[in-house]
Amino acid sequence: MENIGKEIKIIATYARVSTARQEEEQTIKTQIDAMNDFIKDKGYEVVQVYEDEGWSGDTLERPQLDQLRLDAQKKMWDAVL
């Protein structure tokens, strides 16, 4: 693991909701707000945001998660929250 002993500063974030009810209740906004509070507290710099809204838990298809995985191979950040 390349990040062992390295201070994490540059990150990406990923949030998702999978049901209409979660979408109505704005749980993705709640996730993002919680992440933003954590990010601010830690002094991280967010270089990429990924959000999958409304993708069923019945399928593994999540376009933004797939993109996150591809981007991770490029080592665009230190960690994902």
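Structure first, text after, so check above.
Quick notes on the rules
- Residues numbered from 1 in each chain as written.
- Predicted model: local features only at pLDDT ≥ 70, side-chain atom pairs only at ≥ 80, totals over all residues.
- Heavy atoms only, no water.
- Helix = DSSP H or I, 4+ residues; strand = E, 2+ residues; numbered from the N terminus.
- Buried < 20%, exposed > 50% of the residue type's maximum accessible area, 1.4 Å probe, protein only.
- Lys, Arg positive; Asp, Glu negative; His and termini not counted.
- Salt bridge = Lys/Arg side-chain N within 4 Å of Asp/Glu carboxyl O.
- Polar contact = N/O pair within 3.5 Å; in protein donor to acceptor, adjacent residues only side chain to side chain.
- Contact = heavy atoms within 4.5 Å.

### Re the environment of Gln64
Among the structural elements, Gln64 can be located in helix H3 (residues 63-73). The exposure class of Gln64 is partly exposed, given its relative accessible area of 27%. For the pair Gln64 and Tyr14, spaced 50 residues apart in sequence, the C-alpha separation works out to 8.1 Å.

### What to know about the side chain of Asp52
Position of Asp52 relative to the elements: it lies in strand E2 (residues 45-53). Arg62 is the oppositely charged side chain nearest to the buried, salt-bridge-free Asp52, at an N-O distance of 5.6 Å. Of note is the side chain of Asp52, whose polar atom sits 2.8 Å from the side chain of Tyr14. Excluding residues that lie within four positions of it along the chain, Asp52 makes contacts with Tyr14, Ala15, Arg16, Val17, Ile28, Arg62, Pro63, Gln64 and Leu65.

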